[in-house]
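# Topology and contacts: notes
The lines below spell out each chain.
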Amino acid sequence: MSCVEDRELAEKVALGDAEAIAKFVDRFYTPVFRFLWHACGSREDAEDLASQALLRARTDIGRFRSDGTLAAWMFSVARREFLRFRRRQVLTSLFAASRPPETVSPHNEDVVVIQQALALLPPNNRTAFLLTEVEGLSTAEASTALGIPAGTVKSRCHHAKKRLREILGPAYPEISNYVQPIAD
């Protein structure tokens, strides 16, 4: 497709044109699914992520700038969904041990280190971080839950992630790869 055709399709999708949305989904579901399947290695996760990426793309299509292709933009949306998924996986696995106290040994070093790191965060940043990254709320949902603007949620999460990278990075180098700010 040409840039003009991409722009026209994006504009129609943004307006809610059912035919354009169907065309958009038909065009991008399979390649996005395939990309995500290779990225995450799980068909079921890839199906969920592809659907989530298309939903996010439908919501954010107004951000598409026609200086690039719609396909490139769509894959950047899919990539961000994958990164969110991976971060949630890593964080959930790190925090999962702390949820049911009866199954956690009080000597689990990781749990203690993570709890200490979280305790070092300012309470507002910690809350925004936990809602979005551990509990999986969207920025908008966290914004509503906290009664603050979405931009403030993003800012607090950014600062929390930055501080956690500083605290946990030396002991857990894999955190540096997953606890990074992302553009929503």
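Throughout what follows, the structure given in this document is the object of discussion. (Residues numbered from 1 in each chain as written. Predicted model: local features only at pLDDT ≥ 70, side-chain atom pairs only at ≥ 80, totals over all residues. Heavy atoms only, no water.)

## A word on the overall build of the protein
- What the protein contains, in helices and strands, is nine helices and zero strands.
- The secondary structure elements of the protein, listed N-terminal to C-terminal, are α-α-α-α-α-α-α-α-α.
- Taking contacts inside the protein between residues at least 6 apart in sequence as the whole, the part at least 24 apart equals 56%.
- Of the roughly 10200 Å² of accessible surface on the protein, a fraction of 53% belongs to carbon and sulfur atoms. (Helix = DSSP H or I, 4+ residues; strand = E, 2+ residues; numbered from the N terminus. Contact = heavy atoms within 4.5 Å. Areas by Shrake-Rupley, 256 points an atom, 1.4 Å probe, with all protein chains shown as cover.)

## Regarding the pattern of salt bridges
- Applying the stated rule across the entire model yields seven salt bridges.
- Across the pair Glu-47 and Arg-43 runs a salt bridge whose closest N-O atoms are separated by 3.3 Å. A residue pair is termed a helical-turn pair when its members lie 3 or 4 positions apart in one helix, as Glu-47 and Arg-43 do in helix H3 (residues 43-60) at four residues.
- For Arg-84, the salt bridge goes to Glu-81, with nearest N and O atoms at 2.9 Å. Of the two residues, Arg-84 and Glu-81 are both situated in helix H4 (residues 70-96); the distance of three residues between them amounts to about one turn of the helix.
- Here Glu-81 falls in the buried class, since its relative accessible area comes to 2%.
- Each of Arg-56, Glu-81 and Arg-84 takes part in a single network of salt bridges with overlapping partners. (Salt bridge = Lys/Arg side-chain N within 4 Å of Asp/Glu carboxyl O. Buried < 20%, exposed > 50% of the residue type's maximum accessible area, 1.4 Å probe, protein only.)

## Describing the side chain of Glu-133
- Relative to the helices and strands, Glu-133 is located in helix H6 (residues 123-134).
- Glu-133 sits in the buried class, given a relative accessible area of 9%.
- Engagement of the side chain of Glu-133 in a polar contact is seen with the side chain of Lys-161, the distance being 3.0 Å.
- The residues contacting Glu-133, other than those within four sequence positions of it, are Arg-87, Arg-88, Leu-91 and Lys-161. (Polar contact = N/O pair within 3.5 Å; in protein donor to acceptor, adjacent residues only side chain to side chain.)

## Comments concerning the environment of Val-25
- Position of Val-25 relative to the elements: it lies in helix H2 (residues 18-40).
- For Val-25, a relative accessible area of 33% corresponds to the partly exposed category.

## Re the packing of helix H7 (residues 139-146) against helix H8 (residues 150-168)
- Relative to each other, H7 and H8 sit at 105 degrees, their axes nearing to 8 Å. Between H7 and H8, the crossing angle belongs to the class labelled roughly perpendicular. Note on element contacts: H8 touches H7 through Ala-150, Val-153 and Lys-154, opposite Thr-139, Ala-142, Ser-143 and Leu-146.
- The class makeup of the residues in the contact of H7 with H8 is four nonpolar, two polar and one charged. (Axes fitted to C-alpha atoms, helices over the stretch in contact; angles between N-to-C directions. Parallel < 35°, antiparallel > 145°, perpendicular 65-115°, else oblique. Nonpolar A, V, L, I, M, F, W, Y, C, P; charged D, E, K, R; others polar.)

## Looking at helix H1 (residues 3-14)
- Here H1 contains twelve residues, and its C-alpha end-to-end distance of 16 Å stays within 8% of the 16 Å for a straight helix at 1.5 Å per residue.
- Of all the residues in H1, the buried ones are Asp-6, Leu-9, Ala-10 and Val-13. Buried residues along H1 cover an arc of 100 degrees about the axis, so they all sit on one side.
- Gly-16 sits one or two residues past H1 and shows a positive phi near 85 degrees. (Expected span 1.5 Å × (residues − 1). Arc of directions from axis to C-beta.)

## What to know about the packing of H6 against H7
- In the contact formed by H6 and H7, the axes pass within 9 Å of each other and the chain directions differ by 135 degrees. Put simply, H6 runs oblique to H7. Considering the relative orientation of H6 and H7, their crossing is right-handed. For the pair H6 and H7, the contacting residues are Thr-127, Ala-128, Leu-131 and Thr-132 in the first and Ala-142, Ala-145 and Leu-146 in the second.
- When the residues that make up the contact of H6 with H7 are grouped by side-chain class, the tally is five nonpolar, two polar and no charged. (Left-handed = near helix turned anticlockwise from the far one by under 90°.)

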